Amino acid sequence: MLSLAERARRYAAVREEMATRGIDVLLIVGRDGSGARGEHRYLAGYGIVAAFSHYIVFPAEDVEPVFFSGSSPAGNIGVASGWVQDLRSSRKPLPEIAAEVAKFTRNGKIGVSSTIPLELHRELARAHGEAVIVDASDCLRGPRIRKSDEELDCVRRSAAIADLTFASVREVVRPGLSDFEIYAEVRRAIHTARGEYSMDIIDVGDGTAAGGPQGRLVAADGIAQVEMTPAWEGYYTQLRVPFSSDPGGWPHKWKPMLAAWEEGYRSAAEQLVPGSTAHEVQAAALAGVERAGLVGRHRSGHGLGLEVDEFISISDDDATVLEPGMVLVLHVPVRADELMLMTGGTFIITGDGHEELNDLSSLMASTLEVG
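Residues numbered from 1 in each chain as written. Predicted model: local features only at pLDDT ≥ 70, side-chain atom pairs only at ≥ 80, totals over all residues. Heavy atoms only, no water.

### Some words on helix α6 (residues 138-145)
An α-helical segment advances 3.6 residues per turn. Residues three or four places apart therefore align on the same side. For clarity, the cut-off: Working definition: with a 1.4 Å probe on protein chains only, accessible area under 20% of the residue-type maximum means buried, over 50% means exposed, and in between means partly exposed. Under the DSSP-based scheme used, a helix requires at least four consecutive residues in state H or I and a strand at least two consecutive residues in state E, with every element numbered from the N terminus. Here, residues are in contact when the closest pair of their heavy atoms is within 4.5 Å.
In terms of burial, α6 is a largely internal element, six of the eight residues being buried. Taken together, the buried positions of α6 are Cys-139, Leu-140, Gly-142, Pro-143, Arg-144 and Ile-145. Of the surrounding elements, those touching the buried residues of α6 are α1 (4-21), β1 (23-31) and α2 (38-44).

Encoded structure:
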C-alpha cells in the first residue's frame, strides 16, 4: 500500500496548484474504468470496483477530503486503508456533495476537473454563480504527470507482471487456439501475479481491428497480437506483443514487419530523453519504419499512470516536453498491404535518458532468421 507520506506529498502538490489559481475547493468526479478513475484514485489512494460514480470534495484548507461513493460494500476498503476516513456511501449523493462544497467556498473558485452531472452543476451555479465554477484539470495534471519514487516502484511492479504474462501466453499460443482461450490466459496470468485490474485487447487476424475476443482461431501461418495492461496499486503499464503460431519461427509475411518495427522502435527509444518532445519521438518512430521500407501508421504511444492513456500522446501534434518521472508506452505501428503490427513496452524517463521496463529481446532481429 502507498504510504501516508506519499499522500501528504500529493495533497501538498495539488493544494499548491489550487492556490496559484485561486481555487477554494476541487470537485473530482470519476467512475471505475481504465480511463475514468485516475483522479479519484490519486487523491483517495485506493480503487473501488463498483458500478457507481465517485466524487471527492478536496478543500484548499489542510483538512481531509470527503469521498462520496455508491452504497457498495466495496467502499469499506477505503476506511481500512487509512487514506480517506470520511467515506460516505449514498445512491443519491448530489445534494450532500453540493452542501459539502459550500462549506469550503470562500471568495475563490470551485474547481471541476472532469464532467459533472448537470443537476449538480445547476445546483452549484445557483448557489455560487456560474463564473465561480472553473476548469481545474491542471491542478492534477502537473502533480500526476511526473511520478514520485514510490509511484515508479508501482510502475516497475506492474511491468514485471506484464513480462510474466508475456512469457505465460507465449507457452500456450498455437494454431487452432481461440482468442477467448488466449485472453483467458492473459487474465489468469495477470491476476495470479496479483495484478489488481487490467485493460487488455487481442487480435488474431490482420492486426487492424484489435479489441475483445470474438471467437476467432489462430491460423497456421498467423500471429496473435495481444495488448496487456496490468495495474499494480492502480498504476498501469502496457506491453503489446505478437505471438507466432509457429514455435519455431515467424510466418514469412510478418518477418519484414517485425524488422521494420524494430528499426522504428529503437529509433524512437533514442528520443526518450529529457528535453525531447512527444512529436519528436513520433517522427523518429516513423522515420525508422520508413528506413526499413515500410510505412508507420497512427501514433506511436502515450502516457501511462493511474489511467491507461494519460496526458501525453506520442503523435505529430503533441509538443509535450519529456521530463524525468514521466511514464510512457512506446508501441510503434507498422503497415504492409492489409496487415498491421503494433508492438512495444513501457519506459520511464530518467535524469539522463530512460529506463526500459519490458524485455522484448525475443522479438528482435536475431529471432527473425528462423522459420
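### With respect to the nonpolar core
Rules: The term nonpolar core refers to a set of buried residues drawn from Ala, Val, Leu, Ile, Met, Phe, Trp, Tyr and Cys, joined through side-chain atoms within 4.5 Å.
The biggest cluster of nonpolar side chains holds 88 residues, and the ones touching the most others in it are Leu-26, Leu-43, Ile-182, Phe-243, Trp-261, Leu-330 and Leu-360. If one sorts the elements of this core by residue count, helix α7 (residues 149-170) sits on top with eight residues. Among the nonpolar cores identified, the runner-up in size contains 20 residues, and Leu-94, Phe-104, Val-112 and Leu-124 belong to it.

### Considering the packing of α7 against helix α8 (residues 179-192)
Helix packing for two helices is described by the angle between their axes and how far apart those axes are. What counts here: In this analysis an axis means a line fitted to C-alpha atoms, helices contributing only their contacting stretch, and an angle means the value between N-to-C directions, from 0 to 180 degrees. Every angle not falling under 35 degrees, over 145, or within 65 to 115 is termed oblique; those three ranges are roughly parallel, roughly antiparallel and roughly perpendicular. Definitions for this section: a left-handed crossing has its near helix turned counterclockwise from the far helix by less than a right angle. A right-handed crossing has that turn clockwise.
Between α7 and α8, the shortest axis-to-axis distance is 9 Å and the interhelical angle comes to 140°. Relative to α8, the element α7 is oriented oblique. Helix-helix and strand crossings are classified by hand; for α7 and α8 the assignment is right-handed. Residues Ile-161, Thr-165, Ser-168 and Val-169 of α7 form the contact with α8, whose own contacting residues are Ile-182, Glu-185, Val-186, Arg-188, Ala-189 and Ile-190.

### What about the environment of Val-332?
Residue placement: Val-332 occurs in strand β14 (residues 327-336). Once the C-alpha coordinates of Val-332 and Ser-244 are considered, the two residues, 88 residues apart in sequence, prove to be 18 Å apart.

### Section: helix α9 (residues 255-269)
This is how the line gets drawn: How far a helix is expected to stretch is found by multiplying one less than its residue total by 1.5 Å.
Here α9 spans 21 Å end to end across 15 residues, near enough to the 21 Å set by a 1.5 Å rise per residue. Burial analysis of α9 places 11 of its 15 residues in the buried class, which makes it a mostly covered element. Those residues of α9 lying buried are Lys-255, Met-257, Leu-258, Ala-260, Trp-261, Glu-262, Gly-264, Tyr-265, Ser-267, Ala-268 and Ala-269. Of the surrounding elements, those touching the buried residues of α9 are β11 (239-244), α10 (278-291), β14, β15 (339-349) and β16 (354-356).

### Let's talk about the packing of aromatic side chains
Condition: Here the aromatic set is Phe, Tyr and Trp, taking the six-membered ring for Trp, and pairing holds for ring centres within 6.5 Å; pairs whose planes are under 30 degrees apart are stacked, those over 60 apart are edge-to-face, and all others are tilted.
A complete count under the given rule lists five aromatic pairs for this structure. Ring plane angle 80° and centroid distance 5.1 Å describe the contact between Tyr-11 and Phe-58, whose orientation is recorded as edge-to-face. Highlighted residues: Tyr-11 in helix α1 and Phe-58 in strand β2 (residues 53-59), separated in sequence by 47 residues. A relative accessible area of 8% places Tyr-11 in the buried class. Taking relative accessible area as the criterion, Phe-58 reaches 0% and is therefore assigned buried. For the pair Tyr-265 and Phe-347, a centre-to-centre distance of 5.9 Å together with 55° between the ring planes defines the contact as tilted. Here Tyr-265, found in helix α9, pairs with Phe-347, found in strand β15; they are 82 residues apart in sequence, far enough to count as distant. Among the residues examined, Phe-347 registers a relative accessible area of 0% and is labelled buried.

### Notes on the sheet that holds strand β5 (residues 109-112)
Backbone hydrogen bonds are what pair the strands of a sheet, in a parallel or an antiparallel way. To keep it simple, the criterion reads: A pair of strands is considered paired only if DSSP assigns at least 2 bridges between the two.
As summarised here, the arrangement of the six strands in space is β4-β3-β2-β1-β5-β6, forming an open sheet in which the pairing is mixed. The open sheet has two edge strands, β4 (87-89) and β6 (133-135), and neither has a second partner. Ignoring which end each strand starts from, the neighbouring axes of this sheet average 25° apart. As defined by bridge partners, β5 adjoins β6 across three bridges and the pair is classed as parallel. Paired with Ile-110 across the two strands is Ile-133, which belongs to β6. The sheet strands contacting helix α5 (residues 118-128) are β1, β2, β5 and β6, and the helix crosses β6 at an angle near 125°.

### Let's talk about the pattern of salt bridges
Our working rule: A pairing counts as a salt bridge when a side-chain nitrogen of Lys or Arg comes within 4 Å of a carboxyl oxygen of Asp or Glu.
Within this structure, the stated rule accounts for 27 salt bridges. Put simply, Asp-62 and Arg-15 hold a salt bridge, and the shortest N to O gap is 3.4 Å. On the criterion of sequence distance, the pair formed by Asp-62 in the loop between β2 and β3 (66-69) and Arg-15 in helix α1 is long-range, its members being 47 residues apart. Using a relative accessible area of 73% as the deciding quantity, one classes Asp-62 as exposed.

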